[in-house]
Amino acid sequence: MLKLIGGLLALVLLAAGGVGGWYLYQKQPVRSGVIELQRLQGKVTVRYDERGVPHISADNEADLYRALGYVHAQDRLFQMEMVRRLANGELAEVLGPKLLEVDKLFRTLGLREYAKKVVAAMDRKAPENQAMLNYLDGVNQWQDSHRAPLEFDVLGISQQPFTAEDTYAVGGYLAYSFATALRTDPLMTFIRDKLGADYLRAFDIDWHPEGVMTPLAGMGSSDWDSLQRIATASLQATELGGIPLIEGSNAWAVSGKRSASGSPMLAGDPHISFSAPAVWYEAHLSAPGFEIFGHFQALNPMAFLGHNHDFGWSMTMFQNDDMDLIAEQLNPANPQQVWHEGKWVDMVTRSELIQVKGAAPQRIQLRSTPQGPVINDAFKDSLGTRPISLWWAFYATENTTLRGLYELNRADTLAKARDAATLIHAPGLNVVWANAEGDIGWWAAAQLPQRPLGVNPVFILDAAKGEAEKPGFYAFRFNPQEENPARGYILSANHQPQPKSGVPVPGYYNLPDRAQRLDALLNAPDVKWTSVDTRKLQLDVANNFAPRILRNLIPVMAAVVTDPNEKAFMEPLTKWDSAYTEDSIAATLFTQMMYELSKAAFADELGPVQFENLAKSRALDFALPLLVADPLSPWWDDVSTPAKESHFETVRIAWSNTLKHLQGLYGTSLLDWRWGVAHTLTQGHPLGRQKPLDKIFDVGPFPVPGGRETPNNFSSPWGPAPWAVTYGPSTRRVIDFADAGKAVGINPLGQSGVWPDKHYADQTEKYVKGEYVRMWLDEADVAARTESTLTLRPAR
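Residues numbered from 1 in each chain as written. Predicted model: local features only at pLDDT ≥ 70, side-chain atom pairs only at ≥ 80, totals over all residues. Heavy atoms only, no water.

Colleague: Help me out: how do you make sense of the overall build of the protein in this one?
Modeller: For the protein, the count of helices and strands is 26 helices and 30 strands. In summary, the protein has a C-alpha radius of gyration of 26 Å against a globular reference of 28 Å for 796 residues, a match within 12%. C-alpha atoms of the protein, sized along the principal axes, occupy 85 × 70 × 60 Å. Out of the 796 residues in the protein, the part that is buried amounts to 63%. Contacts spanning at least 24 positions in sequence make up 71% of the contacts within the protein whose residues lie at least 6 apart. Seen as two clouds, the 74 positive and the 90 negative side-chain charges of the protein have centres 3 Å apart. (Helix = DSSP H or I, 4+ residues; strand = E, 2+ residues; numbered from the N terminus. Rg over C-alpha atoms; globule rule 2.2 N^0.38 Å. Buried < 20%, exposed > 50% of the residue type's maximum accessible area, 1.4 Å probe, protein only. Contact = heavy atoms within 4.5 Å. Lys, Arg positive; Asp, Glu negative; His and termini not counted. Charge placed at Lys NZ, Arg CZ, Asp CG, Glu CD.)

Here it is, written out as structure tokens:
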């Protein structure tokens, strides 16, 4: 790897002399001229605007999607390759042993095998599949006719054609990235079974004593170790491989009676892990009878977010629990059989060989049960442990998400949008939609499983007790949803929905504070919303999370902090307005204090690995207010000491450690403890994981406002300062349907994933400043803003 780094740096240095410059020039996108493509039926015009967004016009949808694939590939081929490798469990082959655990996880999930079955059974004449196949043909035609991207040369990647199986496997990764069961269920079960029910008081879960309180029999230390490794591997795809995880989102629609224009207004900002290239690829598609300005993901021809003059939509994570971990009951007479539906059933076995760069290949043996893959087979260090199966709605339901997205791209009425939402089974998505006719709607799109009464799926389920049995799924009409509500607006911010049907929807929802903040502002009776006002709301940096904690914490701190200097450092907290502005000192103090308090309370019982998993989960967000409000919680005691500590002692230690850490970083002047100094955004490229390549490919750092669960949700896991923001708004969009041609948005980086193309990071400074740019839709605007034109014509 060091040799490759040296070669790349030499290449950059030679660029000015011409040798490296010619090499890089051959890798750059071509945005003008005439190019012939196979299987085109007619001419396709691609006009690029000042941001590098392609405006594609074709005479038919087949040509339209083939052209989209072609231009998408020339800007994002490496991103396509990486997400394909992640879904297929092939990252270690190009990135080395650090990604082996990630590959084991995704081989265990079996997304590639699942995709093969879906493609073998799919109707190739269905319009959504025709669109996908034409798009992939465009991707492959670009790859076949151009030199490989720079990253392929550095990592030694051999080019392979992209297939429908890749698209469906990547769709499985999208569904996986929405799920948190692998990171949360083992932790909650460990706390219940190893520490006891008293310790669960600090977590906001529906606790049902009947049938779920008793520990799982036969779970030994090696079982817990393997589940901890699974939780860690589930996060390493982003940390080591640069593949974004979906984290949350805001979306709302305001009806005409609440807007200044008298027409509905749509806003959305999906919260996704930051990476280079950016998650979304923007493109404006136009063919007879169809037009959309869309935000696309790698290897998928359907816009996940989109609008035109007539309608538009945004999405957030539903965050329903669509994964169950199941402790299987083994046959004492045959350890390769499990109990299922009243009889012993053989487990299915398969062998997987993982190629590892710089190391010997690793072969793993995997099993599956009728419930799903045995998730801990590839992670256990000893034989004979109890198999934990993964039941996943993504596998248990018909895969019609691609068809649902195809229909949603064309859904200009409430009925069409509702019908499209019914086709999205997994992952669970909140679809927030509006049209120029005056309608607004929201549908929590997913198939919701029916579970036995009293079973809480936040824990590992015991197959021996029938906890994993599922008679079926609820009909879509029971899902949470609203159409044209009397209040005049709809809000989705990853919070617990209130289904009118009364059907329970267990899930891993975010704190309510972000939703409550947005709801309070949207509900202001005297506001007629404009595009400018809506943008300000997206950029809001306050919530009620800190006040909920500080109202109980400050009195305790006042009682135990006796040193005058330490008391002086408390003053910013007592006067804080809870806004995470760049000049806030209180935001820095509060965030560091929350980490120190969490570590002092939880780490001694959980150990370092489980505590790290807790710090990266939403469970800790819910636990902190409950812990601070409960002076009798058993978590306050440090079990590693003979004494029994109270909340007073633990809070004193946490505050002392807070000041010690911040003084060590920034000195003793509070003026140097500003949030913008400690809280920064760097968007990292996979090659940037290897220094000094970060100086070339990464973009940042930039000081940014906002914080965990504020509307402007620049967030990172709980940890010590300084805080590198890991996820936040992956785009911001505002569309007023009085004139959708004036819609605005922003990309955190730029359209291009090709370094050093001018559109690699040309939007970043605007993004971090909270600025927006126009998304050109009207023909006159597109023509005026065209900087270059690429013409695609049928090959002769």
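Picking up where we left off.
Colleague: Help me out: how do you make sense of the sheet that holds strand β10 (residues 323-327) in this one?
Modeller: In a beta sheet, neighbouring strands pair by backbone hydrogen bonds and run either parallel or antiparallel. The strand order across the open sheet formed by 3 strands is β17-β10-β20, and the pairing between neighbours is mixed. Both outer strands of the open sheet, β17 (388-392) and β20 (461-462), are each paired with one neighbouring strand and no more. (Pairing = 2+ DSSP bridges.)

Colleague: Please clarify how helix α3 (residues 61-88) should be interpreted in this entry.
Modeller: Along an α-helix, residues three or four positions apart point the same way, because every turn accommodates 3.6 residues. The terminal C-alpha atoms of α3, which comprises 28 residues, lie only 29 Å apart, well short of the 40 Å expected from a rise of 1.5 Å per residue. Largest kink in α3: about 85°, centred on R76. Of all 28 residues in α3, 26 are buried, a share of seventy percent or more. Taken from the residues just after α3, G89 is the one with a positive phi, measuring 70°. (Expected span 1.5 Å × (residues − 1). Bend = angle between axes of the 7 residues up to and from the residue.)

Colleague: Honestly, the pattern of salt bridges in this entry has me stumped. Any pointers?
Modeller: Should their charged atoms come close, side chains of opposite charge can pair. Using the criterion set out here, one finds 43 salt bridges in the structure. Across the salt bridge formed by R793 and E36, the nearest N and O atoms sit 3.4 Å from each other. A residue pair is termed long-range when its members are at least 10 positions apart, and R793 in strand β30 (residues 788-794) and E36 in strand β1 (residues 33-37) qualify at 757 residues. Residue R793 is classed as partly exposed on the basis of its relative accessible area, which comes to 32%. A salt bridge links D412 to K416, with the shortest nitrogen-to-oxygen separation between them at 3.1 Å. (Salt bridge = Lys/Arg side-chain N within 4 Å of Asp/Glu carboxyl O.)

Colleague: Looking at this structure, I do not really get the packing of aromatic side chains. What am I missing?
Modeller: Any two aromatic rings considered together are summarised by their centre-to-centre distance and by the angle between their planes. Inspection of the entire model under this criterion finds 32 aromatic pairs. Summarising the aromatic geometry, the rings of Y199 and W635 are spaced 4.8 Å apart at their centres and angled 90° between planes, so their arrangement reads as edge-to-face. You can see Y199 sitting in the loop between α10 (181-195) and α11 (209-212) and its partner W635 sitting in the loop between α21 (619-628) and α22 (647-666), a full 436 residues away along the chain. Given the relative accessible area of 14%, Y199 is considered buried. Look at F274 and F714: their rings are 6.1 Å apart centre to centre, the planes differ by 25°, and that puts the pair in the stacked class. Taken together, the positions of F274 in the loop between β5 (265-273) and β6 (281-287) and F714 in the loop between β24 (699-703) and β25 (723-725) put the pair 440 residues apart, joining distant regions of the chain. Judged by relative accessible area, F274 falls into the buried class, the value being 8%. Aromatic rings pair up to connect F545, W576, Y580, F590, W675, W718 and W723 into one cluster. The ring of F162 has R84 sitting right over it, with the charged end atom 3.8 Å from the ring centre. (Phe/Tyr/Trp six-rings, centres within 6.5 Å; stacked < 30°, edge-to-face > 60°. Lys NZ or Arg CZ within 6 Å of the ring centre and 35° of its normal.)

Colleague: What should I look at first to understand the sheet that holds strand β16 (residues 372-373) in this one?
Modeller: Sheet architecture is open: 3 strands sit in the order β14-β15-β16, paired in antiparallel fashion. Both edges of this open sheet fall to β14 (348-354) and β16, since each of them pairs with a single strand only. Helix α5 (residues 100-109) rests against β14, β15 (362-369) and β16 of the sheet, and its axis sits at about 150° to β14. (Axes fitted to C-alpha atoms, helices over the stretch in contact; angles between N-to-C directions.)

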